[in-house]
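Survey of secondary and tertiary structure
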Amino acid sequence: MRRSGTVLSLLGKGETLTVAKCCLVATTIYATMPLRVLCATHQADDTRCLLWRRSRLRRAWDHQLDRLLQTSDTPAPVIEVVFEQLATSPDPNSRLIPARNPNGPSRVLAQLANDWWWEVRAGVAANPSCPPQVQQTLVIDHNPWVRRALAENPQAEPGCVAALTTDVDFGVRDAAAEHPRCPADVQINLTTDDRWEIRRSIAKRQDAPLAALSLLAHDPESWVRFFVAANPNSPVHLRTQLQNDTDAKVRSMARHGGTATARIANSLAFGLNQGGSVAKTANDAHRP
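This section reports on the structure supplied with the text.

Cut-off values and rules
- Residue numbers restart at each chain and count upward from 1, following the sequence in its written direction.
- Totals for whole chains, interfaces and linings use every residue, but because this is a predicted model, local features are given only for residues with pLDDT of at least 70 and side-chain atom pairs only at 80 or more, for both listing and counting.
- For the side-chain quantities, the full set of heavy atoms in the structure was used; hydrogens and water were omitted.
- Here, the term nonpolar core denotes a set of buried Ala, Val, Leu, Ile, Met, Phe, Trp, Tyr and Cys residues that are joined through side-chain atoms within 4.5 Å.
- The buried label applies to any residue whose accessible area, calculated with a 1.4 Å probe on protein chains only, is under 20% of its type's maximum; exposed applies above 50%, and partly exposed to all values in between.
- Contacts are residue-level and defined by heavy atoms, with any inter-residue pair within 4.5 Å sufficient.
- Note on conventions: DSSP H or I runs of at least 4 residues are helices, E runs of at least 2 residues are strands, and numbering of each starts at the N terminus.
- Under the rule applied, a polar contact is a pair of N or O atoms within 3.5 Å (in protein, one hydrogen donor and one hydrogen acceptor; residues adjacent in sequence only if both atoms are side-chain atoms).
- A fitted line through C-alpha atoms represents every axis, and for helices the fit uses only the stretch in contact; the resulting angles, taken between N-to-C directions, go from 0 to 180 degrees.
- When an angle is under 35 degrees it counts as roughly parallel; over 145 it counts as roughly antiparallel; between 65 and 115 it counts as roughly perpendicular; any other value is oblique.
- Note on residue classes: Ala, Val, Leu, Ile, Met, Phe, Trp, Tyr, Cys and Pro are nonpolar, Asp, Glu, Lys and Arg are charged, and everything else, Gly too, is polar.
- Salt bridge, as applied in this entry: a Lys or Arg side-chain nitrogen positioned within 4 Å of an Asp or Glu carboxyl oxygen.

The biggest cluster of nonpolar side chains holds 78 residues, and the ones touching the most others in it are Leu24, Val82, Val124, Leu138 and Val228. If we skip the residues at most four places from it in the chain, Val82 touches Leu35, Leu65, Leu68 and Leu69.

Extensive coverage of helix H14 (residues 222-230) is indicated by the burial of 9 of its 9 residues. Within H14 the residues assigned to the buried category are Ser222, Trp223, Val224, Arg225, Phe226, Phe227, Val228, Ala229 and Ala230. Of the residues flanking the start of H14, the one acting as N-cap is Glu221, its side-chain oxygen 3.1 Å from the backbone nitrogen of Trp223.

Take the packing of helix H4 (residues 92-100) against helix H6 (residues 118-126) next. Two elements in contact, H4 and H6, have axes whose closest approach is 8 Å; the angle formed by their N-to-C orientations is 10 degrees. For the element pair H4 / H6, the angle class is roughly parallel. Contacts between H4 and H6 pair Pro92, Arg95, Leu96, Ala99 and Arg100 from the former with Glu119, Val120, Gly123 and Val124 from the latter. Of the residues assigned to the contact of H4 with H6, the class counts are 5 nonpolar, 1 polar and 3 charged.

Bringing the environment of Arg67 into the picture now. Topologically, Arg67 is positioned in helix H2 (residues 56-69). Here the alpha-carbon distance between Arg67 and Val82, two residues 15 residues apart in the chain, equals 9.8 Å.

Turning our eyes to something else, we now look at the pattern of salt bridges. Scanning the entire structure with this criterion turns up 16 salt bridges. Salt-bridge contacts for Arg58 lead to Asp62; the nearest nitrogen and oxygen are separated by 3.0 Å. Residue Arg58 and its partner Asp62 are both found in helix H2; the two are separated by 4 residues, about one turn of the helix. In this structure Arg58 comes out as buried when scored by relative accessible area, which is 2%.

By themselves these figures say nothing about function.
Structure representation (structure tokens):
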């Protein structure tokens, strides 16, 4: 049997080849590289075909197609075909390429949003170019990691972010609570979330509404109140109120929140996505 590179080279020259019972011919060629290949022996999606199973030939072809995406002078129409072909590859790792690529066509991303492999759908959910209508599909995806990827996508639509704040999965809900596009009224609603970590995520937000901070200043969890005191946008009257808190660390932060040391602590705590994971992990480690 011919090597995969040799087969692709001959297909790129317009030859018709019979390889492992597959009669192959390139119907679209760009610079001696086959872009579309037809098997006259098998129907599309037939796993007996070298093109529709994870064969060496298919992997080699996908690799060549991927190289075209990384070449700066590849014409736009060719790029369009490459995205289409990779999106139909039997190898999920190949389908991940267009799923994650911000230049992927909307219709290809819509197709991949229904992929059987959840990591491909998560790739679409994390893609900054994920279309709004596709996001609406992914909001209700059955896999929480797909919904989490959307909740962490900076370009997620506010309406989708709002929907994800009511998710059954804590990680999804918390990521949505920290999202820069989380609507103000939704932030206020999250002050009553059952998980104190999510209420803390709102307390950390520098764009948190005053109504939310006022409610969280009375939160039963001391770490939530601590971050209200640490929030540089908390008004003076809330800081004054928290200076008499029952918890020593809350009182200390409320009294010294304007010092240089406190400002450095605040920059670490608030620096990552309104309250990043690094600061959150550090705070959890010191939680009583």
